[in-house]
Amino acid sequence: MKIIHKKRLVQTGKGMYRAGEGSAVLLKNNKVLFAYSQIPEGGDTSFSTIRCGILDPETGEMTGFREILPEASGLQQMSVSLERFQDGSIGIAYLRRNASANQSDCIMFSRSLDEGKSWLPPVNISEQLHEKYSFL
């Protein structure tokens, strides 16, 4: 792995309690799509969203921050993983907390056919994997 720039990609502070669990994929224009989970200001750790930005490897600057794959139920989305597929699409997998009472998670998956500009509706792939994920 080659280090391009050594700097913090996402700054926490006003409006953001914590950012973490990020992943990156090289785009066809040689920029980098970086996705991460974010807990908003107020520190309510039972809620988080997935956001992304575009990293310019030449300057090290991140631009275009936005939320992707909003969760209508307002629960946690975390542990983001991005992957480029042979057909050119980008896949994203992440954990979604289903219920705060039993704190079970499921693995969600979506694809982008336009370099991360939009995403297909996410699907729960946990059952296909015959796995159950829970917080310890």
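In this text the structure is predicted, and so the values were computed from the model without any measurement. (Residues numbered from 1 in each chain as written. Predicted model: local features only at pLDDT ≥ 70, side-chain atom pairs only at ≥ 80, totals over all residues. Heavy atoms only, no water.)

Student: Summarise the overall build of the chain; cite the residues concerned and give the values.
Tutor: For the chain, the helix and strand inventory stands at one helix and nine strands. Seen in sequence order, the chain has helices and strands lined up from the N terminus as β-β-β-β-β-β-β-β-α-β. Relative to its full complement of 136 residues, the chain shows a buried share of 39%. Pairs at least 24 apart in sequence give 41% of the contacts found in the chain among residues at least 6 apart. Carbon and sulfur atoms provide 53% of the accessible area of the chain, an area that totals close to 8300 Å². (Helix = DSSP H or I, 4+ residues; strand = E, 2+ residues; numbered from the N terminus. Buried < 20%, exposed > 50% of the residue type's maximum accessible area, 1.4 Å probe, protein only. Contact = heavy atoms within 4.5 Å. Areas by Shrake-Rupley, 256 points an atom, 1.4 Å probe, with all protein chains shown as cover.)

Student: Give me the lowdown on the pairing of strand β4 (residues 62-68), citing residues and values where you can.
Tutor: Of the pairings in the sheet, the one linking strand β3 (residues 49-55) to β4 comprises five bridges and is antiparallel in character. In the strand pairing of β4, C52 is matched with R66. Once β3 ends, the chain turns through six residues before running back antiparallel as β4, passing G60 with a positive phi of about 80 degrees. (Pairing = 2+ DSSP bridges.)

Student: Explain the side chain of S126 to me, using residue names and the numbers behind them.
Tutor: Relative to the helices and strands, S126 resides in helix α1 (residues 126-129). The class of S126 is buried, set by a relative accessible area of 7%.

Student: An account of unusual backbone geometry is requested, with residue identities and associated values reported.
Tutor: At S79, a position not held by glycine, the phi torsion is positive, near 55 degrees. Secondary-structure assignment places S79 in strand β5 (residues 77-84). A relative accessible area of 33% places S79 in the partly exposed class.

Student: Got a sec to walk through the environment of G64? Specific residues and values, please.
Tutor: Summarising the element assignment, G64 is placed in strand β4. Taking the relative accessible area as the measure of exposure, G64 reaches 48% and is therefore partly exposed. Considered as a pair, G64 and G53 are eleven residues apart in the sequence and their alpha carbons are 5.1 Å apart. Beyond its immediate chain neighbours, meaning those up to four positions away, G64 contacts C52 and G53.

Student: Which residues make up the confidence of the model for the chain, and what are the values?
Tutor: Chain-level statistics for the chain give a pLDDT mean of 79 and a share of 67% at 70 or above. Of all the helices and strands in the chain, strand β9 (residues 133-134) carries the lowest mean pLDDT, 51, while β5 carries the highest, 91. (pLDDT = per-residue confidence, 0-100.)

Student: I'd love a proper account of the nonpolar core, names of residues and values included.
Tutor: Of all hydrophobic cores here, the largest spans 16 residues; its most connected members are L33, I68, L82, I90, I92, Y94 and W119. Of all elements in the fold, only β2 (32-40), β3, β5, β6 (90-99) and β7 (104-112) reach the threshold of two or more residues within this core. A total of three residues in this core trace back to one element, the largest contributor, which is β6. When neighbours within four sequence positions are excluded, L82 is seen to be in contact with S23, A24, V25, L33, A35, I90, G91, I92 and W119. Listed in part, the five residues of the second largest apolar core include V32, F34, Y36 and L55. (Core = buried A, V, L, I, M, F, W, Y, C linked by side-chain atoms within 4.5 Å.)

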